[in-house]
Amino acid sequence: MADAVIVVALLLTAASATAAVATRDPARQALVLAVLGLLLGVVFTVLQAPDVGLSQLAVGSALTPLLIMLSVRKVKRRGKQDDK
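This write-up is about the structure you can find in this document. (Residues numbered from 1 in each chain as written. Predicted model: local features only at pLDDT ≥ 70, side-chain atom pairs only at ≥ 80, totals over all residues. Heavy atoms only, no water.)

1. Considerations on the environment of serine 16
Defined as follows: Each helix is a run of H or I in the DSSP string that is no shorter than four residues. Each strand is a run of E no shorter than two, and both are numbered from the N terminus. The rule is simple: take the accessible area with a 1.4 Å probe, protein chains only, and divide by the maximum for that residue type; under 20% is buried, over 50% is exposed, in between is partly exposed. Residue contacts are defined here by distance: any two heavy atoms, one from each residue, within 4.5 Å place the two residues in contact. Residues adjacent in sequence count toward polar contacts only when both atoms are side-chain atoms; beyond that, a polar contact is any pair of N or O atoms within 3.5 Å, and within protein one must be able to donate a hydrogen and the other to accept it.
If you trace the backbone, serine 16 turns up in helix H1 (residues 2–22). Residue classification places serine 16 among the buried positions, given a relative accessible area of 9%. Along the chain, serine 16 and alanine 30 lie 14 residues apart, while their C-alpha atoms are 12 Å from each other. Beyond its immediate sequence surroundings of up to four residues, serine 16 is in contact with Val32, Leu36 and Leu39. Polar contacts involving the side chain of serine 16 include one to the main-chain carbonyl oxygen of threonine 13, which spans 3.0 Å.

2. Description of the packing of H1 against helix H2 (residues 26–46)
To keep things clear, this is the line we draw: Convention adopted: a line fitted to C-alpha atoms gives each axis, helices being fitted over their contacting stretch, and angles between N-to-C directions are expressed from 0 to 180 degrees. Every angle not falling under 35 degrees, over 145, or within 65 to 115 is termed oblique; those three ranges are roughly parallel, roughly antiparallel and roughly perpendicular. For any pair of crossing helices, the crossing counts as left-handed if the nearer helix is rotated counterclockwise from the farther one by less than a right angle, and right-handed if it is rotated clockwise.
Interhelical geometry of H1 versus H2 gives an angle of 160° and a closest axis separation of 9 Å. With respect to H2, the element H1 is oriented roughly antiparallel. Judged by the sense of rotation from one axis to the other, the crossing of H1 with H2 is left-handed. Across from Val5, Ile6, Ala9, Leu10, Leu12, Thr13, Ser16, Ala17, Ala19 and Ala20 in H1, the residues of H2 making contact are Gln29, Val32, Leu36, Leu39, Leu40, Val43 and Val46.

3. Some points on a nonpolar patch on the surface
Spelled out, the test is: Each patch is built from residues that are more than 30% exposed by relative accessible area and take part in no salt bridge. Like charges join if they lie within 9 Å; nonpolar side chains (Val, Leu, Ile, Met, Phe, Trp, Tyr) join within 5 Å. Surface accessibility follows the Shrake-Rupley procedure with a 1.4 Å probe radius. Residue values consider only the protein chains on display as shielding. Salt bridges are identified by distance alone: a Lys or Arg side-chain nitrogen within 4 Å of an Asp or Glu carboxyl oxygen.
On the surface, a nonpolar cluster with roughly 450 Å² of combined accessible area is contributed by Val59, Leu63, Leu66, Leu67 and Leu70. Topologically, valine 59 is positioned in helix H3 (residues 50–83). Assessed through its relative accessible area of 43%, valine 59 is described here as partly exposed.

See below:
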């Protein structure tokens, strides 16, 4: 039973990592990256490393996508100012 959960978690992680690479829009990449961080947190928890899982949840699914979204917003705003 536990092996099946590990396999499913790893397959979902691989699928979301592939989706993150295949996505072209940076805003959507940040969203997919948040899902990837969440799934990696689940994988670490299933593999009995809950402290690493909690760190991954904080950094991988919250902080990194937030920084990417703020950067995309800043670049888009700067591009609109240059057009004027």
